[in-house]
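Survey of secondary and tertiary structure
Listed here are the chains, written in short residue letters.
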Amino acid sequence: MGLWRKADSQSKPIPAHPYRDSALVYGCFALLVVVLSWATGGDVTRALVVAAGFWVVATGWASWQFRVRIKARDAAADKADVSE
C-alpha cells in the first residue's frame, strides 16, 4: 500500500446538486485566480482568460464524471430491481 491511493469514487455519495455545486466551487477557484493576479500586480485580463478557461474545463470534467457515476448508480439500481 502506497502513501497515495486512488480514492474509490464509487463509494462516495453523489451530492444533491452535483453540477451546480461543482460549477460554484470551480467558479470560486477561478475568482481566486483573478483576485491573486490583481493583488500581486499581474495582468488581470490574462488572469480572466485563464480563469474562464479553467472554469470551463474543470466544470466540464466534473460534470462528465458525475454523469458517469450517476449512470453507474442507476444501472446498479436497475440490476438490483431485476434480480429481486
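For the structure itself, consult the block above.
Report follows, based on the coordinates. Keep in mind the model is a prediction, meaning the values are calculated, not measured. (Residues numbered from 1 in each chain as written. Predicted model: local features only at pLDDT ≥ 70, side-chain atom pairs only at ≥ 80, totals over all residues. Heavy atoms only, no water.)

All right, on to the overall build of the protein then. Secondary structure summary: the protein contains two helices and zero strands in total. The burial tally for the protein puts 17% of its 84 residues in the buried class. Considering only contacts in the protein between residues 6 or more positions apart, those separated by 24 or more positions represent 71%. Approximately 6800 Å² of the protein is accessible, and the part contributed by carbon and sulfur atoms is 67%. (Helix = DSSP H or I, 4+ residues; strand = E, 2+ residues; numbered from the N terminus. Buried < 20%, exposed > 50% of the residue type's maximum accessible area, 1.4 Å probe, protein only. Contact = heavy atoms within 4.5 Å. Areas by Shrake-Rupley, 256 points an atom, 1.4 Å probe, with all protein chains shown as cover.)

Here helix H1 (residues 18-39) spans 31 Å end to end across 22 residues, near enough to the 32 Å set by a 1.5 Å rise per residue. Among the residues making up H1, those that are buried are Pro18, Ser22, Ala30, Val34 and Ser37. Looking down the long axis of H1, one finds its buried residues gathered within 135° of arc, a one-sided arrangement. Of the exposed residues in H1, those oriented more than 90 degrees away from the buried face are Leu24, Cys28, Leu31, Trp38 and Ala39. (Expected span 1.5 Å × (residues − 1). Arc of directions from axis to C-beta.)

With the rule as written, the count across this model stands at two salt bridges. The closest approach of N and O atoms between Arg73 and Asp74, which form a salt bridge, is 3.6 Å. Taking relative accessible area as the criterion, Arg73 reaches 46% and is therefore assigned partly exposed. Overall, Asp74 belongs to the partly exposed group, its relative accessible area being 37%. (Salt bridge = Lys/Arg side-chain N within 4 Å of Asp/Glu carboxyl O.)

For the rest of this paragraph, the subject is a nonpolar patch on the surface. A contiguous nonpolar surface patch, about 740 Å² in accessible area, is contributed by Val25, Phe29, Leu32, Leu36, Phe54, Trp55, Val56 and Val57. Sorting the residues of the nonpolar patch by element identifies H1 and helix H2 (44-83) as the ones contributing at least two each. Here Leu36 is to be found in helix H1. (Patch = residues over 30% accessible without salt bridge, like charges linked within 9 Å, V, L, I, M, F, W, Y side chains within 5 Å.)

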